[in-house]
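As a plain string of letters, each chain reads:
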Amino acid sequence: MEKQEKNTEVCPPVDLSGEAGWTPFDAPSLVGASLRFVSGEPDGNRYRVRYYKDDAEQLRARIWFGPETEGPPGHAHGGAMAAVLDEVLGLAAWAAGHSIVVGNLNVSFRNLLPLEQVVTVESEVVSAQGRKVMVHGRICLGETVFAEAECLCITIRDK
Ligand SMILES: CCCCCCCCCCCC(=O)SCCNC(=O)CCNC(=O)[C@H](O)C(C)(C)COP(=O)(O)OP(=O)(O)OC[C@H]1O[C@@H](n2cnc3c(N)ncnc32)[C@H](O)[C@@H]1OP(=O)(O)O
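Predicted model only: the values in this text are computed from it and were never measured.

Draft legend 1. Local environment of helix α3 (residues 78-95). For α3, with 18 residues, the first-to-last C-alpha span of 25 Å sits near the 26 Å given by 1.5 Å per residue. Counting buried residues along α3, 13 of its 18 residues qualify, which places the element largely inside the surrounding structure. Of the residues one or two after α3, glycine 97 is the one with positive phi, at around 100°.

Draft legend 2. Layout of the site of the ligand. In the vicinity of the ligand lie 17 residues, with Asp86, Val102, Gly103, Arg131 and Lys132 positioned nearest. At 2.9 Å from a nitrogen atom of the ligand is found a main-chain nitrogen or oxygen belonging to valine 102. Lysine 132 places a side-chain nitrogen or oxygen 2.8 Å from an oxygen atom of the ligand. Burial of the ligand by the protein amounts to 49% of the accessible area it has alone, namely 1300 Å². When residues of the shell around the ligand are traced back to their parent elements, those giving at least two are α3, β4 (100-109) and β7 (144-155). If you tally residues by element for the shell around the ligand, the top one is α3, at five residues. In terms of residue class, the shell around the ligand is built from nine nonpolar, three polar and five charged.

Draft legend 3. Up close: the state of the cysteines. Tallying each qualifying case throughout the model produces zero disulfides. With no disulfide of its own, cysteine 140 lies 16 Å from the sulfur of cysteine 151, the closest cysteine sulfur. For cysteine 140, a relative accessible area of 3% corresponds to the buried category. In this structure cysteine 151 is not part of a disulfide, and its nearest cysteine sulfur, from cysteine 153, lies 3.7 Å away.

Draft legend 4. Here's a closer look at the layout of surface pockets. In this structure, the largest pocket occupies an estimated 310 Å³ of space. Elements that contribute at least two residues to the lining of the largest pocket include exactly α2 (36-39), α3 and β4. A total of six residues in the lining of the largest pocket trace back to one element, the largest contributor, which is α3. Tallied by class, residues from the lining of the largest pocket come to 10 nonpolar, two polar and three charged. Counted as a void, the second largest pocket has a volume near 220 Å³. For the lining of the second largest pocket, the secondary-structure elements that each account for two or more residues are α1 (27-31) and β2 (47-53). Across the lining of the second largest pocket, the residue classes break down as nine nonpolar, three polar and two charged.

Draft legend 5. Inspection of the pattern of salt bridges at higher detail. Evaluation of the coordinates by the stated rule reveals six salt bridges. The salt bridge involving arginine 138 is made with glutamate 122; its shortest N-O contact spans 2.9 Å. With arginine 138 in strand β6 (residues 132-141) and glutamate 122 in strand β5 (residues 118-129), the pair connects residues that are 16 residues apart, well separated along the chain.

Draft legend 6. Region of interest: the packing of aromatic side chains. This model, assessed by the stated rule, comprises three aromatic pairs. Ring geometry for tryptophan 22 against tyrosine 52: centres 5.5 Å apart, planes inclined by 50°, an arrangement best described as tilted. Here tryptophan 22 is found in the segment before β1 (23-24), whereas its partner tyrosine 52 is found in strand β2, with 30 residues between them in sequence. Ring geometry for tyrosine 47 and phenylalanine 65: centres 5.6 Å apart, planes at 75°, overall edge-to-face. Separated by 18 residues along the polypeptide, tyrosine 47 in strand β2 and phenylalanine 65 in strand β3 (residues 59-65) bring together distant segments of the chain. According to the relative accessible area criterion, tyrosine 47 is buried, its value standing at 2%. The exposure class assigned to phenylalanine 65 is buried, which follows from its relative accessible area of 0%. Ring-pair connections join several aromatic residues into one group, and the members of that group are Phe37, Tyr47 and Phe65. Lying over the aromatic face of tryptophan 64, arginine 48 brings its terminal NZ or CZ to 4.3 Å of the ring centre.

Rules and cut-offs
Here the residue numbering is sequential within each chain, running from 1 through the sequence in written order. Whole-chain, interface and lining totals are the exception, using all residues; otherwise, since this is a predicted model, local features are given only for residues with pLDDT of at least 70 and side-chain atom pairs are given and counted only at 80 or more. The basis for every side-chain value is the complete set of heavy atoms in the structure, and neither hydrogens nor water enter the calculation. Starting at the N terminus, helices and strands are each numbered in turn, a helix being any DSSP run of H or I of at least four residues and a strand any DSSP run of E of at least two. To estimate how far a helix should extend, the number of its residues minus one is multiplied by 1.5 Å. The buried label applies to any residue whose accessible area, calculated with a 1.4 Å probe on protein chains only, is under 20% of its type's maximum; exposed applies above 50%, and partly exposed to all values in between. The cutoff for a nearby residue is simple: one of its non-hydrogen atoms must lie within 4 Å of the molecule or strand. In the analysis that follows, any N or O atom pair within 3.5 Å is treated as a polar contact, provided that within protein one partner can donate a hydrogen and the other can accept it, and provided that, for residues neighboring in sequence, both atoms belong to side chains. Each accessible area value is a Shrake-Rupley result obtained with a 1.4 Å probe; residue values ignore everything except the protein chains displayed when judging cover. The residue classification treats Ala, Val, Leu, Ile, Met, Phe, Trp, Tyr, Cys and Pro as nonpolar and Asp, Glu, Lys and Arg as charged. All others, Gly included, are polar. Here, a disulfide means two cysteine sulfur atoms that sit within 2.5 Å of each other. We place a 1 Å grid over just the protein atoms. Points where a 1.4 Å probe fits but has no way out form a cavity, open points with protein on both sides within 12 Å along at least 5 of 7 lines form a pocket, and any residue with an atom within 4 Å of a point lines it. Grid points are joined across faces, edges and corners, and a volume is the space filled by probe spheres set on the points. Salt bridges are identified by distance alone: a Lys or Arg side-chain nitrogen within 4 Å of an Asp or Glu carboxyl oxygen. Only rings of Phe, Tyr and Trp enter the pairing, Trp through its six-membered ring, and a pair is recorded when the two centres are within 6.5 Å. The plane angle decides the type: under 30 degrees is stacked, over 60 is edge-to-face, the rest tilted. A ring is scored as having a charge over it whenever the NZ atom of a lysine or the CZ atom of an arginine sits within 6 Å of its centre and within 35 degrees of its normal.

Shape descriptors only; they carry no functional weight alone.
This is how it looks when you write it as C-alpha cells:
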C-alpha cells in the first residue's frame, strides 16, 4: 500500500483579534498552563485561540480550526468542536469564580465548519446552584451557528 505523505508545512498567521468592547483574558493566569489540547500550540496547525471577556463580562474566544482538526473533507471534526466547547465553557465557569470540572456536555452540530476560518465561541453562565454550574455556548460566525452546547459543570470537592 502507498504511504501517504504528511503535510508538515505550518499555516500562515491568522487574525484572532476581538470585537470592540472585548478585553483580552489571560486563561493561564487563572487555571495554569494545562489547557494544552486546544490552547497548547498557538502557532501550530491544530487550533489557534485567543480569549476575551465582552462588555457583559462573559467569556469569548476567537478560534481558528486548523487542518489537523479535519473530520469531513475540508471541515472540522465534531470531536474537535466538542473539545473546544469543553474547554471554553469550562473556562467560562472558572472565569465566573467556580472551581469546576465538566460533568456533562451536550453538543448539537448545526452546520459544517470550514477549516482555516476564524470563528467565535460565545459563552454564558446561566445558573449556579449548589455544586452545579450550567454554562451555555456556541461556535458561530455572524448569523451562522456551527455548534451549540449545554455544559453542566460540577465544582471540585474541597475547593
Ligand atoms: C483543577 C484545575 C483544573 C483547571 C482547568 C480549568 C479549565 C476547565 C476546562 C476543561 C474542562 C474539562 O475538560 S474537565 C475534564 C472532563 N471532565 C472530567 O474528566 C470529569 C470527570 N468526572 C468527575 O471527576 C466526577 O464525576 C465529578 C467531579 C464531575 C463529580 O463527581 P463527585 O465529586 O463525586 O460528585 P457527585 O456526587 O457524583 O455529583 C455531584 C452532583 O452533580 C451531579 N452530576 C455529576 N455528574 C453528572 C453528570 N455527568 N450529569 C448530570 N449530573 C451530574 C450528581 O448527580 C450530583 O447531584 P446531586 O445529587 O447533588 O443533585
